Every structure is written in C-alpha cells, then in structure tokens.
Amino acid sequence: MKSFRCLLFLTVLSSGLLPGYGQVPEIMTVRGPLPAEQMGRSLIHEHLLVDFIGAAEITDSRWDRKEVVQQVLPYVEALPEMAIRTLVSCTPAYLGRDPELLRELSKRTGVHILTNTGYYGAVDNKFLPAHAFSSTAETLAAIWTDEWENGIGETGIKPGFIKIGVNSGPLSDLHRKLIAAAGITHKRTGLTIASHTGPFLPAKQQVDLLKASGVHPTAFIWVHAQNEPLLENYSLLAQEGAWISLDGIQPSNLEDYLKRLVYLKEEGWLQQVLISHDAGWYRPGEPDGGEFRDFSTIGTQFVPLLLQNGFSEEEIDLLLVKNPARAFAIEKRLLTGE
C-alpha cells in the first residue's frame, strides 16, 4: 500500500499538478519573488504579530512598528542560526497583518518572509470586515486578486499565499463563500490556499468545493490538521492531493506529533506533510507585546526526536525544505480541462 501511494504522488507530481517538476517555480516574499528552490529550511505557519481585538476595532495605530521590530527582531535573527531561511507569516488581514513590519524584519535579518491575502472567518467571524458578510465570492476574490496584482494597500508588497479560516463544524454559507472566493483567487493567481480548519469534516467540505470549482486539492493546505483525532482521515485527504499541515509543535506535545508523523510515513504520505510551531507573537495592548514563544522547538527538540525514531535526514529535508517549496510555489493547480 505504501509503495502504491508513493507512486500515486509521483504520478501527480510528474503530471504537472504539483509545481516543481522539471521547472523552477517561484514563491512571493515580502521583498519580491524568489525561486522556490531557494527557500531552504522553512517554517510554514508562524506569527510575528497578532491583534485579537476584532475587525470592527483593529487599526495599525494600535502598535508602534519600531517598538515591534525591537521586540521581535531577536527571534527572527535567531532563525539563520538554526538553519531556517524562510518564515511564512500566517497573520491575516484584520488580525494584525503588517506587510511593512515583515519587510523591515526581512531586510534586517535576511530571512525570507511571506505574507498573505484572504479573510479569516474562524472564531465565529470576529475577524471578518463588515463588507465580507454582504459581498459575493466574486467581489472578495477581486479584492484579494488586486492585492496580488498591485500590492497590499500602498505598500507594493504582494502576498505569497491565500489565508482563510473557517469554524470547526460543518461549513456555514458564509464560510463556503470564503472558500469559493479562495478558489477563484487561486485560479487567477496561482497562490496556494491555506485554511485554518482543524477537524476533518470542514477540511473535506472545502476540498470538495474546490474540486467542484475546478481547483485541484494540491492547491489546498489543511491547516491545524493535528486537531483531527482520527489519523485515518489524513489518508482520505492526502489521497486527493491536499497538504496535511501539523503546525502547533511545542515542547509539551512532541510525542503526539511523532505519532502522527509515524502514521503518515507508514501510509506513504510524508511527501504531503508540512510542520511548524504556530509560535510567536507580539500582542498589541499587552506590556512589551506580551510573552513571545520562539521558533526553536522543531530544530532543537523535534528533529532530534524524529531521528531517534527512525526518520532519515532525507525525510527531515523533505518535511522542512522540499515540501514547503512545492506547497507555496506559485502555480495554477487545476483539474483536467479547466
């Protein structure tokens, strides 16, 4: 079974449904495009600043960018020392997305940083702007596509992926609209869709909606898949082509993540797995931005644990280098005939 599934993945890869086969695709960083093969070791789900006040009240005047840089810079500077070259910032619009902050940190450290477009509907829509409730999927996609074509606001900084969020239960009509808008945007831009999801049910519903619109599941990252209790459900979406993102690694849960990765390895799906910490982050309104969780656990604790449990250096390279480059490469991944 394992060999069959590896063959299935390679067949999809060679068919062009996944980028990076026989070509040099690009990613988009806050400092411009970069060949995906130059990402190096990457943390694919982290945060540098998050503001939980809600879409109705958020404004970038709630934080002083110079102060945030001063507080956050040491944590980003430490990444190259751990051989991390790229960090994907998953803070979406209306939750503290600050492309200029990310660009400044990238310039000062040399770390490649990605930001995003899209809207976050999880937490019962607290972080959705008012217009998201009444706008059509086409209208939302036009807003997100414009950020890709012309840059975010007046910054000129382009997003490197689409970030949306849904609740953990069955998709509401509003959240179906968000994934529809993400699908339209992917078809126009080639940006990968990373959706804060958690359990299998809404992940499967999103994949089904994307397929119905002509978008191949290889364009979809199942974010927070570690919250799904039934490991067998990983296989159901992996065999469709979706990325399985286990992105909450910290010292207290290493054995649980090991168990999940062992399962995915034994089932032959390691080529579609992403790992990260979901760490950080500066919180406006708290003294000195609150407690910042660093980005060291994977490198200092989890990788050694994997090596001690039968994972090879090549498999570590797959998880931290090759898979991120394929997942975030900009390429329209469509079903045949689209």
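An account of the accompanying structure is given in this report. (Residues numbered from 1 in each chain as written. Predicted model: local features only at pLDDT ≥ 70, side-chain atom pairs only at ≥ 80, totals over all residues. Heavy atoms only, no water.)

Quick notes on empty space enclosed by the protein
- What the rule picks out here adds up to 1 cavity of 30 Å³ or more.
- Approximately 30 Å³ is the volume attributed to the largest cavity.
- Around the largest cavity, the lining residues are Leu 49, Ser 89, Thr 91, Gly 96, Arg 97, Asp 98, Leu 101 and Leu 102.
- Taken together, the residues that form the lining of the largest cavity break down as 3 nonpolar, 3 polar and 2 charged. (1 Å grid on protein atoms, 1.4 Å probe; cavity = no way out; pocket = protein on both sides within 12 Å on 5 of 7 lines; lining within 4 Å. Points joined across faces, edges and corners; volume = space filled by probe spheres on them. Nonpolar A, V, L, I, M, F, W, Y, C, P; charged D, E, K, R; others polar.)

As for the packing of aromatic side chains
- In total, this model carries 10 aromatic pairs according to the counting rule given.
- Considering the side-chain rings of Tyr 94 and Tyr 119, the 5.7 Å spacing of their centres and the 75 degrees angle between planes classify their relative orientation as edge-to-face. Of this pair, Tyr 94 sits in the loop between β4 (84-89) and α3 (99-109) while Tyr 119 is found in the loop between β6 (116-117) and α4 (130-134), placing the two residues 25 residues apart along the sequence.
- Members of the aromatic cluster, each reached through a chain of ring pairs, are Phe 52, Tyr 120, Phe 127 and Trp 281. (Phe/Tyr/Trp six-rings, centres within 6.5 Å; stacked < 30°, edge-to-face > 60°. Helix = DSSP H or I, 4+ residues; strand = E, 2+ residues; numbered from the N terminus.)

Comments concerning helix α9 (residues 254-266)
- Between the first and last C-alpha of α9 there are 18 Å, a value that for 13 residues agrees with the 18 Å anticipated at 1.5 Å per step.
- Among all positions of α9, only Leu 254, Tyr 257, Leu 258, Arg 260, Leu 261, Tyr 263, Leu 264 and Lys 265 are buried.
- After α9 finishes, the residue Gly 268 shows a positive phi value of roughly 85 degrees. (Expected span 1.5 Å × (residues − 1). Buried < 20%, exposed > 50% of the residue type's maximum accessible area, 1.4 Å probe, protein only.)

Brief notes about the packing of α9 against helix α10 (residues 297-308)
- At a closest axis distance of 10 Å, the pairing of α9 and α10 adopts a crossing angle of 55 degrees. Taken together, the axis directions place α9 and α10 in an arrangement best described as oblique. Seen along the crossing, α9 lies across α10 with a hand that is right-handed. The residues of α10 that touch α9, namely those facing Leu 254, Glu 255, Tyr 257, Leu 258 and Leu 261, are Thr 297, Gln 301, Phe 302, Leu 305 and Leu 306.
- By residue class, the composition of the contact of α9 with α10 is 7 nonpolar, 2 polar and 1 charged. (Axes fitted to C-alpha atoms, helices over the stretch in contact; angles between N-to-C directions. Parallel < 35°, antiparallel > 145°, perpendicular 65-115°, else oblique. Left-handed = near helix turned anticlockwise from the far one by under 90°. Contact = heavy atoms within 4.5 Å.)

Looking at the environment of Leu 87
- If you trace the backbone, Leu 87 turns up in strand β4.
- Residue classification places Leu 87 among the buried positions, given a relative accessible area of 1%.
- On a C-alpha basis, the gap between Leu 87 and Asp 64 in space is 22 Å, while along the polypeptide they are 23 residues apart.
- With sequence-adjacent residues up to four places away left out, Leu 87 is seen in contact with Leu 43, Glu 46, Leu 48, Leu 79, Val 111, His 112, Ile 113, Leu 114 and Phe 295.

Focus: the layout of surface pockets
- Of the volumes computed, that of the largest pocket is approximately 360 Å³.
- Lining of the largest pocket is provided by 18 residues; of these, Ala 93, Tyr 94, Arg 97, Pro 99 and Ile 152 occupy positions nearest its centre.
- Of all elements in the fold, only α3 and α5 (137-150) reach the threshold of two or more residues within the lining of the largest pocket.
- Broken down by element, the residue count for the lining of the largest pocket peaks at 3 residues, all from α5.
- Grouping the amino acids of the lining of the largest pocket by side-chain chemistry returns 9 nonpolar, 3 polar and 6 charged.

Observations regarding the sheet that holds strand β7 (residues 161-165)
- In space, the 6 strands of this open sheet follow the order β6-β7-β8-β9-β10-β11, with parallel pairing throughout. Looking at the sheet topology across the chains shown, the edges are occupied by β6 and β11 (273-275).
- Pairing of β6 with β7, which is carried by 2 bridges, proceeds in the parallel orientation. Pairing of Thr 117 across the sheet is with Ile 162, part of β7.
- Strand contacts of helix α11 (residues 313-328): β7, β9 (220-223), β10 (243-246) and β11, with the helix running at about 110 degrees to β11, the strand carrying the most contacts. (Pairing = 2+ DSSP bridges.)

Notes on the pairing of strand β1 (residues 26-29)
- The pairing of β1 with strand β2 (residues 32-35) spans 4 bridges and is antiparallel. If you follow Ile 27 over to β2, its bridge partner there is Leu 34.
- The antiparallel hairpin formed by β1 and β2 contains 2 residues in its connecting segment.

Section: helix α6 (residues 173-189)
- Across its 17 residues, α6 extends 24 Å between first and last C-alpha, which sits within 8% of the 24 Å expected from 1.5 Å per residue.
- For α6, the tally of buried residues reaches 12 of 17 residues, placing the bulk of the element in the interior.
- Of all the positions in α6, only Leu 174, His 175, Lys 177, Leu 178, Ile 179, Ala 181, Ala 182, Gly 183, Ile 184, Thr 185, His 186 and Thr 189 are classed as buried.
- On the buried face of α6, the contacting elements are α4, α5, β7, β8 (193-196), α7 (200-212) and β9.
- Immediately beyond the C-terminal end of α6, within one or two residues, lies Gly 190, with a positive phi of roughly 80 degrees.

Here's the deal with the pattern of salt bridges
- Tallied over the full model, the rule gives 12 salt bridges.
- Between Lys 204 and Asp 208 there is a salt bridge, and its shortest N-O distance comes to 2.9 Å. Residue Lys 204 and its partner Asp 208 are located together in helix α7, separated by 4 residues, close to a single helical turn.
- Classification of Asp 208 as partly exposed rests on a relative accessible area of 33%.
- Lys 211 is the salt-bridge partner of Glu 240, the closest N and O atoms lying 2.7 Å from each other. Of this pair, Glu 240 sits in the loop between α8 (232-238) and β10 while Lys 211 is found in helix α7, placing the two residues 29 residues apart along the sequence.
- The network of salt bridges with common partners includes Arg 65, Asp 98 and Glu 100. (Salt bridge = Lys/Arg side-chain N within 4 Å of Asp/Glu carboxyl O.)

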